[in-house]
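For reference, the chains in residue letters:
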Amino acid sequence: MGGEGGVRSLIDRFYDLMDLEPAYAGIRSMHPPALEGSRDKLFWFLSGWLGGPPLYAEKIGHPMLRARHLPFPIGVAERDQWLKCMSQAMDEEGVDPALQRRLAEAFFGTADWMRNKGG
Ligand code: HEM
């Protein structure tokens, strides 16, 4: 994954795309106007999730991701926007295709578990 720098640039690309691409406007509108905090939190979380230092747990605490997403209405459309945005970011960052497939599966499991409304 290219270590810390690789993860950081993937997340930067992910939120840049969320900001730029009309296809992701639905999930962009749930986020705060400035994305700096979101970038940091996702980086801290993925650091531990990918087997590196557990920065999120150190700085914030237990991730409790499903509970933390309950304020945002997440259905199939929002899940799929998140996953497409992440796939596009991985593609554009040149993540190795085999690694991309493994990560896409793992992201799908986590994103699907975040659904909290029908549709
Ligand atoms: C399923 C579609 C998803 C949507 C629509 C979504 C949306 C959001 C929104 C609106 C926030 C608040 C942003 C902020 O506080 O700056 C957030 C926070 C967060 N999301 Fe997601 N998210 C999704 C999936 C995921 C997935 C799959 C992961 C991890 C692999 C993830 C990890 C996080 C983390 C770590 C935070 C910060 C939590 C906190 O400390 O408050 N999200 N998400």
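Since this is a predicted model, take the numbers as computed values, not measurements. (Residues numbered from 1 in each chain as written. Predicted model: local features only at pLDDT ≥ 70, side-chain atom pairs only at ≥ 80, totals over all residues. Heavy atoms only, no water.)

Before going further, it helps to examine the site of the ligand. In the vicinity of the ligand lie 21 residues, with Ser38, Lys41, Tyr56, His69 and Trp82 positioned nearest. Here an oxygen atom of the ligand and a side-chain polar atom of tyrosine 56 are 2.5 Å apart. The side chain of histidine 69 places a nitrogen or oxygen atom 2.8 Å from a nitrogen atom of the ligand. The site holding the ligand turns out to be the largest pocket. When contributions to the shell around the ligand are tallied by element, the ones reaching two or more residues are helix H3 (36–49), helix H5 (65–69), helix H6 (76–92) and helix H7 (97–113). Top contributing element to the shell around the ligand by residue count: H3, with four residues. Here the residues of the shell around the ligand sort into 13 nonpolar, four polar and four charged. (Near = heavy atom within 4 Å. Polar contact = N/O pair within 3.5 Å; in protein donor to acceptor, adjacent residues only side chain to side chain. 1 Å grid on protein atoms, 1.4 Å probe; cavity = no way out; pocket = protein on both sides within 12 Å on 5 of 7 lines; lining within 4 Å. Sits in = over half its atoms within 2 Å of the grid points. Helix = DSSP H or I, 4+ residues; strand = E, 2+ residues; numbered from the N terminus. Nonpolar A, V, L, I, M, F, W, Y, C, P; charged D, E, K, R; others polar.)

This next bit is on the pattern of salt bridges. With the rule as written, the count across this model stands at 10 salt bridges. The partner of aspartate 19 in a salt bridge is arginine 28, and the shortest N-O contact between them spans 2.6 Å. The exposure class of arginine 28 is buried, given its relative accessible area of 13%. The network of salt bridges with common partners includes Asp12, Asp16, Glu36 and Arg39. (Salt bridge = Lys/Arg side-chain N within 4 Å of Asp/Glu carboxyl O. Buried < 20%, exposed > 50% of the residue type's maximum accessible area, 1.4 Å probe, protein only.)

Further remarks concern the side chain of serine 38. The topology assignment puts serine 38 in helix H3. Among the residues examined, serine 38 registers a relative accessible area of 11% and is labelled buried. Discounting chain neighbours no more than four positions away, the residues touching serine 38 are Tyr15, His31 and Pro32. (Contact = heavy atoms within 4.5 Å.)

Of all protein atoms, His69 (NE2) alone acts as a donor to the iron atom of the ligand, lying 2.0 Å away. Looking at the element boundaries, histidine 69 is found in helix H5. (Donors = N, O, S within 2.8 Å, 3.2 Å for Na, K, Ca; no water.)

Attention shifts here to the environment of glycine 2. Its place among the elements puts glycine 2 in the segment before helix H1 (3–20). Through-space distance from the C-alpha of glycine 2 to that of valine 95 is 8.7 Å; in sequence the pair is 93 residues apart.

Nothing here speaks to function; it is all geometry.
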